[in-house]
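Remarks on the overall topology
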Amino acid sequence: MFRKSGVKDGTATGQVGIKKKSRVPGVMITQFIESLPEGKSHPDFTRKPIALTIQEGKFAFFKAIVTGDPQPTVTWSRNNGDVSDTSRYQTKYDPNSNEHTFEMPNVQPDQADTYKCFAVNEFGQAVVTVVLNVIEVGYKKNKAKQPAAEAIDGNFKTVLKRKSKIRPKAEQERKEGEIDPKFWELLISADKKDYESICAEFGVTDFRWMLKKLNEMKKEREEEQAQFVKSLSNLKPIQVNADGTASFEIDMDLLDPSSSIFLYKDGVMVPYTKELGDKMKHGLKQVGRKYIFSMRDLMPDDAGLYQLDVEDVNMFSTEFKIPMVDFLVKLQEVKATEREDAVFECVLSNPFSKILWFGKNLPLEQGDKYDIEVSEDKLIHRLVVKDCMIVDKGIYSACAGIKSCNAWLVVEADKDAQKGKKTARKTTRAGGSGVDLQKIAEEQQVKLVKDREERKEQIKAVKEAAAAAPPPETPPAPAPTEAPAPKAPESKPASAPAPPVVEVPRIGHSAEEATGGERLDQPLADARSEPVITGGLSDIYALRGNPAELSVTMNIDSDGGWFKDGEQLNSGAGVAIKKDGTSHKLNIRSCRDDDSGVYRFVSGDLSTQGKVTVGDVPEFDPDDLHKFSKPVIIRVGQNAAFKMPFPPQESLVVSWFKDGTELKDGGGIKIVREPNHSRLLLKDCLRTDAGEIKIQLKNPFGAVEATSRLIVLDRPGPPEGPVETVETTSSIIEIKWSPPKDDGGSAVTNYIIERQQAGQSLWTKLGDVSADKTSFRDRNVTHGKKYNYRIYAENPEGLSDSLETADSIMAGIMILSGPPGAPTVVSASKTCIKLTWTPPEDDRGVPVIGYQLEKRKKDTNQWIALNAVNEPIEDVSYAVKDVTEGAEYEFRVSAINESGAGDPSPPSAMVCAKNPNMRPCFKDPEDFIVVRAGNSARIKICYEAEPPPQITWLKDDEPISPWTHVINTEGMSQLVIPSSKRSDSAIYTIIAKNSVGEASFDIEVRVTDEPKTPGPVELEQTVQGKVVVSWAPSPDQELDDRLYYVVSQHDSNIRMWKTVADRLFTNTYTAININPGTEYHFRIYAKNDVGLSDPSQSPTWGVNSNRVQITSNGVNSTELSFERPPSILVPLKVHTPPKGYQLYMTCAVRGCPTPTVSWYLNDICINSDSNYYMTNSFGVCSMYILRVRSKDSGDYKVVAVNPLGKAECSTKLTVRD
């Protein structure tokens, strides 16, 4: 079953080696004969193994499915090692699913390699390779420090001639078959998960060679980088941000901070600035070791390969791809109520699998708060903000490539909610685009498909023209192969039609490129021998009274005629026919209604036609237009209606717009279209609905528009902040603000000011000021106290929302408290550190209202507050739970009074967040477990220990099998047997050991199954009124020491079964109170920890057993006997299973009385051997071996015996390695 990669798999003598192509990529097929017999086939893979990256110690496996007739033999090998060690490698085959499995339990780093799977039969072989990567745990690779770079000798010519390894396109000169250097630069900086997509983009299929060369290049690059940097990490590829810029990041620790840093785009050096306020396109920002390169004012030309170099060594390469996509429907403002879902929608011009969503300039991902939805055609994208709260309001944006759009989310308080109670989440959704997105997407999809088909037709026409005129005096070329279809992008589903990706060929620039390998320049030159219409007629719409022109272009100079509705036309009144070389034109000087019709141009056998329709642009009545132009004024919450009459016309499209955006019927918008007028109704208008309203009438001849305006009156917006403090003394606080941006449609009349003392909940009205005054002086203040203010704007529609001060304003000078005593550690654990401290000795005459606690992590300089100043700790003790296990901290505390937090105390002693050491102990373990055979056995043990202990499992004081899984987590260890069998019954011991001590615990695991039925039952009466019931033991009695018997009885008087004996460990039972004349029946059950067996029935005892035999009075009777000796109906078959696989042997036996069946291996009876499981179901005799072993090979025999004779059959079992 195993094979070393060093053995060369060539063809045998007399065989041919024909390479065949598999339908599965990456499979290499060699056919041994030239033509296959009918019905036969060479091996092939329908499912190949998948590359695997796994953590060491886990269970690794490869699966493959092969086809071929005859059935191929499957073997496995590895490039650098042997796979014959059965404790580390195991092959399996499942005949039901036809899966071949190669397993590696407890995989180790030295097993990381390239593996091969071979499928071979007499007609050929198929080979596929697969890579296994093993991630090492608890090991960190330390690189040797590279020697310092030699000093520069002062020759600046090398600096002046700096160039990137990626040459500009104008300088690229690559030989045929040479790989673009850009491919290697991208791979060196890419994650392993991106290797496959990069190889597919550059057409690289030999992954093995690629990985080998990439490792060599990485090693060389790391040696070069070590001359200038200590470490390089956190390489983030370029991506577009919410603010419309693009950036990439890298953490880099330079050996010399003065080293020069260069930026390249497609091999050309790019200038950049380090000043934040500079207006250059490219910029560099450095924060510690992090370097952030950004690019603003993105354009399609910005796409390309960007490289970062330190001196002359490349550090990072990333490619910026800009898809050609735009927004057909942009995001619209959403106004939602608290606990309601908000929806933002947009439609793209081209399919896009995933766009970037941002909320308040932060990237958003799918999760509990946000749902990101994409339609099947990848055109409609939707963001759902679930369970909106006030804090969710802000600007949300969508970014596709370099295009973006944004809109506001306005969250309003629920007016119906009861104060102090949390409202239930609403099931409604607010927002949406207000248009039929599905219809727009379908129209765009049809357009994309149409464009693609047109481009295909253009390419097809060029190819047909080239094929119709072969070049003269040239031997015929072989038939061109069809160009491969362009590969659809991975992000598009198979069900959706692909967007147009075929380019129109450019004649004369690259004829081979345009036709997929065919030369078009010579065929096209000779194609002019026959006339062809290169520019035909199309349908046109002409304005009444205006001229119109029809034009046809031929490839050569030829004559032709013009026809209208079947009648030939000549130059005359109103019509002029002209011919200029290959161009034929028909001019209508002034279009009239009778000029409408179908026009046709005919030249020989060629013709083209088009329809001309004459009409007028739609128009409005002047009085209706003047009436419509008057603005509509309403209040918030009211409906707004617009109506516009117009003359009835055919093919008239009526559209309504608001601020340039088309309105669609649905939601709060109702559009009514009648033959002579159209109405627009906007329901429950908001302030955001105010704006320009426009109606457009459009027909094929043109369009006309009428404009009106909607004014929505509402209470004003809040005054503009921030609130500024003009003056603060011990008796006066003066503040000022700015007028609101939105006055609600009517002028602000006055401002209302309210005040709240810090720490209290009551707001008090101080007064109001006129609209022309935006300041207020509060004279009723107390020195040292802090106050909050809020200002309302008022107009005839009501009060605005309030503008509040960001921070409390103190009257006079701050008086802060002295420092408290240094915190003292009461106790420490890995999740909590308890502290206590003493109040300050000097409170400066102002009462202390609480404390602020701060922490500082060891080896850092930053103090982090654990509570805000407005949330003081009222007690002199506190339990700090925001700690990291194993980290060391020190703490300090400040006293808080009405003026704020005072001076901090001296720091506490350094304390480590860890549990005190303790000896391992087990928590409530179970010491006995029963498992049904075939089920998985799972032993779960919880423990407590510090430091974490080393866990060891034993089976009967021996190490457990490598096929048994052990899962260790913090505080718990599990032993899992995937498919248990009776041999897994044992005493399992768990040992937990750490530096403090050791603990162990024994668990008895019993693997069993429902017992087999006891043997025949015999009844015997030794004493009047008592019957001795005896039976043959169950076959499982010797295997299960916990098996016992249950006896049930029923008689002809009661006719109900009742249990008369339980937990019998013998094979006899004495039934009492047996009355003559009553019929008795007994059932014997075998029972164990799993359940009851089927019953064994006794003969009838009582009336029938004492019945007197009736003579026949001399009449002779013939008896019919069904007795017969045993015979074999279906014999055993030959089996050759692989080692470790399961096996069934079956035969059919007949005989009366029922014969006793015995199984023999090499003439030794195996009926009582626990490694074999036998059954006899109505003459169908089966034997099952869970996992065959080498010693199971041999001659098997089945012997059936009854009083009339004996029958037997035999077979041979060969176990393959």
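Notes on the structure in this doc start here. (Residues numbered from 1 in each chain as written. Predicted model: local features only at pLDDT ≥ 70, side-chain atom pairs only at ≥ 80, totals over all residues. Heavy atoms only, no water.)

1. Focus on the overall build of the protein chain
To be explicit about the condition: Helix and strand assignments come from DSSP, with helices taken as H or I runs of at least 4 residues and strands as E runs of at least 2, each series counted from the N terminus. Each residue is placed in one exposure class: buried if its accessible area under a 1.4 Å probe, protein chains only, is under 20% of its type's maximum, exposed if it is over 50%, and partly exposed if it falls in between. We call two residues in contact when some of their heavy atoms are within 4.5 Å. For the area figures, the Shrake-Rupley method with a 1.4 Å probe applies, and any residue is considered shielded solely by the protein chains shown.
Counting its secondary structure elements, the protein chain contains 8 helices and 86 strands. Within the protein chain, the proportion of its 1217 residues that are buried is 39%. By sequence separation, contacts in the protein chain at least 24 residues apart represent 63% of the contacts at least 6 residues apart. With an accessible surface of roughly 70,100 Å², the protein chain has 49% of that area assigned to carbon and sulfur atoms.

2. With respect to the pairing of strand 55 (residues 824-828)
The side chains of a regular strand alternate, residue by residue, between the two faces of the sheet. We apply this condition: At least two DSSP bridges between two strands are required for those strands to pair.
Where strand 55 lies against strand 56 (residues 833-836), 4 bridges are found, and the strand directions are antiparallel. Its bridge partner being in strand 56, S827 is matched across the sheet by K834. Hairpin connection, strand 55 to strand 56: the antiparallel pair is bridged by 4 residues.

3. Things to note about the pairing of strand 10 (residues 124-135)
As paired strands, strand 2 (residues 28-31) and strand 10 are joined by 4 bridges and run antiparallel to one another. Bridge pairing in strand 10 places T30 opposite Q125. Of the strand pairs in this sheet, strand 4 (residues 52-55) and strand 10 are connected by 4 bridges, and their pairing is parallel. Looking across to strand 10, one finds that I54 is bridged to V134. Linkage of strand 9 (residues 113-121) to strand 10, two consecutive antiparallel strands, is achieved through a turn of 2 residues.

4. Re the sheet that holds strand 34 (residues 575-580)
We apply this condition: Note on method: axes are straight lines fitted to C-alpha atoms, helices fitted across the in-contact stretch only, with angles between N-to-C directions ranging 0 to 180 degrees.
Across the sheet, which stays open at both edges, the 4 strands sit in the order 29-31-35-34 with antiparallel pairing between neighbours. Taken across any chain shown, the strands that pair with only one partner, and hence form the sheet edges, are strand 29 (533-535) and strand 34. Adjacent strand axes in the sheet meet at a mean angle of 25° when their direction is disregarded. Here strand 31 (residues 548-554) pairs with strand 35 (residues 583-588) via 6 bridges, running antiparallel. For E549, the partnering residue across the bridge sits in strand 35 and is N587.

5. Considering empty space enclosed by the protein
For clarity, the threshold we go by: Points on a 1 Å grid over protein atoms alone make up a cavity when a 1.4 Å probe fits among them but cannot get out, and a pocket when they form an open set with protein on both sides within 12 Å along at least five of seven lines; lining residues each have an atom within 4 Å of a point. Grid points are joined across faces, edges and corners, and a volume is the space filled by probe spheres set on the points.
The tally for this structure, following the rule as stated, stands at 2 cavities of 30 Å³ or more. Considering only enclosed or pocket space, the largest cavity measures out at about 50 Å³ in volume. Around the largest cavity sit I238, A246, S247, F248, L263, H282, F293, S294, M295 and Y306, which together line it. Among the secondary structure elements, those contributing two or more residues to the lining of the largest cavity are strand 12 (246-254) and strand 16 (290-295).

6. Points about the sheet that holds strand 84 (residues 1180-1185)
Taken in spatial order, the 4 strands make up an open sheet running 79-80-84-83, and their pairing is antiparallel. The two strands at the open ends of the sheet, each matched to only one other strand, are strand 79 (1124-1130) and strand 83 (1173-1177). When strand polarity is set aside, the average angle formed by the axes of neighbouring strands in this sheet is 25°. Across 6 bridges, the pairing between strand 80 (residues 1143-1152) and strand 84 is antiparallel. Bridging from a neighbouring strand, Y1144 pairs with Y1184 of strand 84.

7. So, the packing of helix 2 (residues 181-189) against helix 4 (residues 207-225)
Applicable threshold: Any angle that falls under 35 degrees is termed roughly parallel, while one over 145 is termed roughly antiparallel, one within 65 to 115 roughly perpendicular, and all others oblique.
One can describe the packing of helix 2 onto helix 4 by two numbers: an axis separation of 10 Å at closest approach and a directional angle of 75°. One element, helix 2, and the other, helix 4, form an angle in the roughly perpendicular class. Contacts between helix 2 and helix 4 pair F183, W184, E185, L187 and I188 from the former with W209, M210, K213, L214, M217, K218 and R221 from the latter.

8. Observations concerning a negative patch on the surface
Cut-off, in case you're wondering: Two distance rules govern patches: like charges are joined within 9 Å, and nonpolar side chains (Val, Leu, Ile, Met, Phe, Trp, Tyr) within 5 Å, applied only to residues with over 30% relative accessible area and no salt bridge. Basic side-chain nitrogens of Lys or Arg form a salt bridge, by our definition, when they fall within 4 Å of a carboxyl oxygen of Asp or Glu. Charge counting treats Lys and Arg as positive and Asp and Glu as negative, with His and both chain ends excluded. Charged side chains are reduced to one point each, which is NZ for Lys, CZ for Arg, CG for Asp and CD for Glu.
A surface patch of like charges, here negative, comprises D956, D957, E958 and D1002. Looking at the element boundaries, D957 is found in the loop between strand 66 (950-955) and strand 67 (958-959).

9. Let's talk about the packing of aromatic side chains
Defined as follows: Whether two aromatic rings pair depends on their centres lying within 6.5 Å, for rings of Phe, Tyr and Trp, where Trp uses its six-membered ring; planes under 30 degrees apart make the pair stacked, over 60 edge-to-face, and the rest tilted. Either the NZ atom of lysine or the CZ atom of arginine qualifies as a charge over a ring when it sits within 6 Å of the ring centre and within 35 degrees of the ring normal.
Applying the stated criterion to the full structure yields 22 aromatic pairs. Both rings, one in F59 and one in F61, keep their centres 6.0 Å apart while their planes meet at 40°; by these two values the pair is tilted. Centroid distance W837 to Y851: 5.7 Å. Interplanar angle 70°. Geometry classified as edge-to-face. Separated by 14 residues along the polypeptide, W837 in the loop between strand 56 and strand 57 (850-857) and Y851 in strand 57 bring together distant segments of the chain. The buried category is assigned to Y851, whose relative accessible area is 5%. Linked through ring pairs, F62, W76, Y89, F102 and Y115 together constitute an aromatic cluster. Against the face of F657 rests K694, its NZ or CZ located 5.4 Å from the ring centre. Its guanidinium or amino end placed over the ring of W763, R790 lies 4.1 Å from that ring's centre, counting from NZ or CZ.

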